[in-house]
Structures are given as structure tokens and as C-alpha cells.
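Structural overview for review
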Amino acid sequence: AQSVTQLGSHVSVSEGALVLLRCNYSSSVPPYLFWYVQYPNQGLQLLLKYTTGATLVKGINGFEAEFKKSETSFHLTKPSAHMSDAAEYFCAVEIQGGSEKLVFGKGTKLTVNP
Amino acid sequence: NAGVTQTPKFRILKIGQSMTLQCAQDMNHNYMYWYRQDPGMGLKLIYYSVGAGITDKGEVPNGYNVSRSTTEDFPLRLELAAPSQTSVYFCASSFAGGIGYNEQFFGPGTRLTVL
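First things first, this report covers the structure right here in the doc. Per-chain numbering applies: the sequence of each chain, read as written, is numbered from 1 onward. In the order they appear in the text, chains get letters beginning with A and ligands get numbers beginning with 1. With the structure being a predicted model, the display of local features is reserved for residues of pLDDT at least 70 and the display and counting of side-chain atom pairs for 80 or more, all residues being used for whole-chain, interface and lining totals. Only hydrogens and water are set aside; all other atoms, that is, all heavy atoms of the structure, feed into the side-chain values.

**Quick notes on the state of the cysteines**
Definition in use: We call a pair of cysteine sulfur atoms a disulfide whenever their separation is within 2.5 Å. Helical segments are the DSSP runs of H or I of at least four residues, strand segments are the runs of E of at least two, and each set is numbered from the N terminus. Burial status follows relative accessibility: with a 1.4 Å probe on protein chains alone, a residue under 20% of its type maximum counts as buried, one over 50% as exposed, and anything between as partly exposed.
As enumerated under the stated definition, the model contains two disulfides over all chains in all. Each sulfur in the disulfide pair C23 of chain A and C91 of chain A lies 1.9 Å from the other. Between C23 of chain A and C91 of chain A the disulfide shows an S-S torsion of about -65 degrees. By sign, it is left-handed. Residue C23 of chain A is found in strand β3 (residues 19-26), and its partner C91 of chain A is found in strand β9 (residues 87-95); the two are separated by 68 residues along the sequence. Taken as a pair, C23 of chain A and C91 of chain A share a single burial class, namely buried. Here C23 of chain B pairs with C91 of chain B through a disulfide, and the sulfurs are 1.8 Å apart. One disulfide, between C23 of chain B and C91 of chain B, carries an S-S torsion of -70 degrees and so falls in the left-handed class. Residue C23 of chain B is found in strand β3 (residues 19-25), and its partner C91 of chain B is found in strand β9 (residues 87-94); the two are separated by 68 residues along the sequence. With respect to burial, C23 of chain B and C91 of chain B carry one shared label: buried.

**Some words on the sheet that holds strand β1 (residues 4-7) of chain B**
Residues and elements named next belong to chain B. Put simply, the test is: At least two bridges found by DSSP between two strands is the condition for calling them paired. Every axis corresponds to a line fitted to the C-alpha atoms, with the helix fit spanning only the stretch in contact, and the corresponding angles, defined between N-to-C directions, vary from 0 to 180 degrees.
Strand order in the open sheet made by the four strands is β1-β3-β8-β7, with antiparallel pairing throughout. At either margin of the open sheet sits one strand with a lone partner, and together these are β1 and β7 (64-66). Across the sheet, the axes of successive neighbouring strands diverge by a mean angle of 20 degrees, strand direction being ignored. One ladder, built from three bridges, connects β3 with strand β8 (residues 76-78); its direction is antiparallel. When the bridges of β8 are listed, M19 appears paired with L78.

Structure representation (C-alpha cells):
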């Protein structure tokens, strides 16, 4: 069965610093990959997705992620953190041609310090 | 479009009480989902539906029931509330099956406390 591991339940960065949130998946077939963001007391919102094609995908608010098949990773990055990026981030995987259900990681809470 | 709406936003229940969490979407999505979110545990799928009249269990269905009589609505029923059901519940919907991948749209959540 597919699974998603997010390394680090809490990540703290300074405003203007690089944001790196890690996600690794397990799958025997190429997956579809997603990053969702959850702001305090809100639902989840899609940040970006990888389906096919270019392995570097760009999302909203300056975030991007790179699909690395050899490392089974889909890490999320942003060159310069902003205070408004403080939120919880979830990586999710869907197996192509599978059940069309998403499997979510446990989430990483990002704190941005002034 | 309102997207995915959920009611109520907050609710406190006593042990053994029952309630229905409402979910509606106006995007004509065929798939709908119910998740629960507990601190540090991510989202766990409770039930899902691939269309009106069709539902199936997810990872944590015990203590819950669902129905899907219309495309728009997907209520979640708790029959005998227990403290273990204290959680934040999210409804989501997607148009799955046609485009290959399953981008889900989430409602704002219902925060439920069982005392």
C-alpha cells in the first residue's frame, strides 16, 4: 500500500530564509503527488500537484516542488519565507490508475519568525 | 460558486448523543469524501462516495454512517457519540475518473467535541 512520510512535524524558519519541507512516498508505480496547505482554522487548499511531464512544478504563493523518482521524494521549497506562509502543509499521494483516493502525510507545521 | 460547505462549524455533544454533519458542494463533482483530522495524525478517510447512491468505507469508518441521495449532498451521521470522536471533520469533493488525477476541494471543517 502506498504511504507518505513527511520528515519533521515542525519546521521553523526566519522571514526571508529558504523554506524546505520534506516528503517521501512509497509506491511501486508512478504516483500523482500533491501538496496542500492549511491555514489556522481553515480547510485544506491545493498548493501544487505533479501528475505527468515536467518534474519541477510551480504552485501558488511562490512555492515549488520537484518530483525525484530515484529518491521517491517530492520536497516543497520556497526561496524566501514570508510571515503569511505560517501554516500546516500536507503532502499527499494518489496511485495512478488506482482507487482515486488520496493518502496524506501527517503534516508539517511551518513557523516563520520575524 | 460556494464550493464545499459544511455545517455546523462547531458542536459539543454529550456521550451517547447523535448528530449529522452536513456537507454540500455546488461544483457537480461526482466524488465526495469525509475525513477526520486529529493533531499530529494528518487526515484519515472515514467514508467516500463515487456518486449518488454509492458509498464505501475508508480507513476509519467505525462509529459513522453516510448516505448520498443526491450529487450535491453527503451527510455524515454519528449515532452514539464517544469521546474518541472528538476531532475536526472535513468534507471534500472532486471530479475523479475523467482527468486521471484526483484534486480534492475541501470544506472549512466542523470542530466536534464529545464530553
